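# Summary of structural features
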Amino acid sequence: MHENKVSLKHPRATSLRIRAKLVHGFEIGVTSAFGLFAHGRGEAFDYLIGENTTDNAKQAIKAAAASLLLGQNSVLSVNGNVAALVPEELVKLAKTSKAKLEINLYHRSKEREEAIWKVLQDVGAKEVYGLDSKYHETIPEIHSERRIVDHRGLFIADVVFVPLEDGDRTEGLVRLGKRVITVDLNPLSRTAQMAGITIVDNVVRALPLLNATVRKLRKESVESLQNIVDKFDNQQNLSQAIQHINRRLNGLAKAQGAQSAGGNPE
Ligand code: PTJ
């Protein structure tokens, strides 16, 4: 079903429209079948979070914006899920933060790379790295297909934005000394735990906010941007994300209990 066919009156219209975008991405060869599973896991966490951008996510977004602006060589890594969900926002972010775009897939295939490149081109991307094998370089620290990176992009990057990432690559990139920023609805995932900055939010809500924040911070001095990054503590932020879920579930459990008439009627 195309996203426009989802009735806006449906109580879960937003969630269904996001699903429809991913299914469309799958049908045109952009998203992998594994990407649909990954989305299901994300959806479950979003349900627990309350499908809203939390204060701790906003703090992480601010630190991410400052970090991208500070990077000498910031690279936004594009996979099949983000290409289906937020292609325009990614291309905008590359422009506003002067970052490069690189297609880097876990379930790598030439066909998917080409399909993603087309989606990015359709929304205004002029240059995308990762496609030309002439520039391919292998990072031994990474074991998946993601170890093949572009010499002009991820290989030399100091700041890398890797939304919806797998734990192995995050670990590998951190080991290489890169500043890793991720978006992950699961605060317990290995990626969320390993990254330098984890935005615990749905990528469809986080990206527009990240773009707006980059635009707001663009004129700030290097010192002031550095101050924002230095003040950010990812472990504390993740702890707040987990506490948020905890509080929310406690509140819901109490409200549920209050509905009880007392005892199980025979
Ligand atoms: O396109 P490819 O081949 O590069 O593959 C992309 C996927 C996402 C399939 C690949 O990176 C993968 O397998 O990722 P994981 O290890 O399943 O991790 C994805 C993480 O993203 C999980 O922790 C999910 O909870 C989270 N997630 C899923 N959907 C969203 C999300 N986080 C934010 N926003 C979402 N919409």
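Parameters and conventions
- Residues numbered from 1 in each chain as written.
- Predicted model: local features only at pLDDT ≥ 70, side-chain atom pairs only at ≥ 80, totals over all residues.
- Heavy atoms only, no water.
- Near = heavy atom within 4 Å.
- Polar contact = N/O pair within 3.5 Å; in protein donor to acceptor, adjacent residues only side chain to side chain.
- 1 Å grid on protein atoms, 1.4 Å probe; cavity = no way out; pocket = protein on both sides within 12 Å on 5 of 7 lines; lining within 4 Å.
- Sits in = over half its atoms within 2 Å of the grid points.
- Helix = DSSP H or I, 4+ residues; strand = E, 2+ residues; numbered from the N terminus.
- Buried < 20%, exposed > 50% of the residue type's maximum accessible area, 1.4 Å probe, protein only.
- Points joined across faces, edges and corners; volume = space filled by probe spheres on them.
- Nonpolar A, V, L, I, M, F, W, Y, C, P; charged D, E, K, R; others polar.

This paragraph deals with the site of the ligand. Around the ligand there are 25 residues in total, and Gly-80, Tyr-106, Arg-112, Arg-146 and Asp-184 lie nearest to it. One of the side-chain N or O atoms of Arg-112 is found 2.7 Å from an oxygen atom in the ligand. Here Arg-146 contributes a side-chain N or O atom positioned 2.7 Å from an oxygen atom of the ligand. The site holding the ligand turns out to be the largest pocket. Those elements that place two or more of their residues in the shell around the ligand are helix H2 (33-49) and helix H4 (80-85).

Next up on the list: unusual backbone geometry. In this structure, Lys-98 takes a positive phi of about 50° despite not being glycine. Along the chain, Lys-98 turns up in the loop between helix H5 (87-96) and strand E2 (100-103). Overall, Lys-98 belongs to the exposed group, its relative accessible area being 74%. Phi angles above zero are rare outside glycine, and Leu-164 is one such case at about 50°. The residue Leu-164 is located in the loop between strand E5 (159-161) and helix H7 (167-175) in this model.

Attention now goes to the side chain of Asn-237. Following the sequence through the fold, Asn-237 ends up in helix H11 (residues 234-258). Relative accessible area serves as the criterion here: at 2%, Asn-237 is assigned to the buried category.

We now examine the layout of surface pockets. Counted as a void, the largest pocket has a volume near 720 Å³. Surrounding the largest pocket, 32 residues form its lining, Ala-38, Arg-41, Leu-164, Glu-165 and Asp-166 being those nearest its centre. Mapped by element, the contributors of at least two residues to the lining of the largest pocket are H2, H4 and helix H8 (190-194). At eight residues, H2 tops the list of elements feeding residues into the lining of the largest pocket. The residue makeup of the lining of the largest pocket, split by class, is eleven nonpolar, 13 polar and eight charged.

Shape descriptors only; they carry no functional weight alone.
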